[in-house]
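# An overview of the molecular structure
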Amino acid sequence: QVQLVESGGGLVQAGGSLRLSCAASGRTFSNYAMGWFRQAPGKEREFVAASNWSGGSTYYADSVKGRFTISRDNAKNTVYLQMNSLKPEDTAVYYCAAVGMGYYLHIRSDEYDYWGQGTQVTVSS
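Residues numbered from 1 in each chain as written. Predicted model: local features only at pLDDT ≥ 70, side-chain atom pairs only at ≥ 80, totals over all residues. Heavy atoms only, no water.

### Some words on the pairing of strand β11 (residues 119–124)
Heads up, the rule is: Buried means the residue's accessible area, taken with a 1.4 Å probe over protein chains only, is under 20% of the maximum for its type, while exposed means over 50%, and partly exposed covers the values in between. A run of H or I in DSSP becomes a helix once it reaches four residues, and a run of E becomes a strand once it reaches two; helices and strands are each numbered from the N terminus. Strand pairing is defined by DSSP finding a minimum of two bridges between the two strands.
Because side chains alternate across β11, one face comprises the buried residues T119, V121 and V123, and the other comprises Q120, T122 and S124, none of which is buried. As defined by bridge partners, strand β2 (residues 10–13) adjoins β11 across four bridges and the pair is classed as parallel. Within β11, the position partnered with L11 by the bridge is T122. Where strand β9 (residues 92–99) and β11 come together, three bridges link them in antiparallel fashion. In the sheet register, V93 faces β11, and the bridge partner there is Q120.

Right under this line is the structure:
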């Protein structure tokens, strides 16, 4: 079992930045690939970014490529999502997720085994 706790959400103006953190506990963090997803009101949950076990391979949704960066610190059991040049359309609840097949990148939500509770990000225009 892996427990995930997100933090770092909040209210920011368009063009601003936020860094989300997701702290993991319960199992060997470096065994897991990690992902960030988001869900806006009235919309389905969508993929944002993924990292393999080491952080050496990453993948992004087209909508955030060049603005968001996923990274991880396995010594701290934490994955991060640095979000720059934020837009109002980035407003959503952001979730981190973990899956045991750490070597690969995973972009479908149904591939993930563990989820955090989510953190709200609101971008004002």
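### Quick notes on the side chain of S21
Threshold: Two residues qualify as a contact provided that any one of their heavy atoms is within 4.5 Å of a heavy atom in the partner residue.
Within the secondary structure layout, S21 lies in strand β3 (residues 18–25). Look past the residues within four positions of S21 in its chain and what remains in contact with it is V5, E6, S7, W36, T78, V79 and Y80.

### Concerning the pattern of salt bridges
Which entries qualify depends on this criterion: Basic side-chain nitrogens of Lys or Arg form a salt bridge, by our definition, when they fall within 4 Å of a carboxyl oxygen of Asp or Glu.
All told, the structure shown has five salt bridges when counted by the stated rule. Here D90 and R38 are joined by a salt bridge, their closest N and O atoms 2.9 Å apart. You can see D90 sitting in the loop between β8 (78–83) and β9 and its partner R38 sitting in strand β4 (residues 33–39), a full 52 residues away along the chain. When the shortest N-O distance is used, the salt bridge between D110 and R108 registers 2.9 Å.

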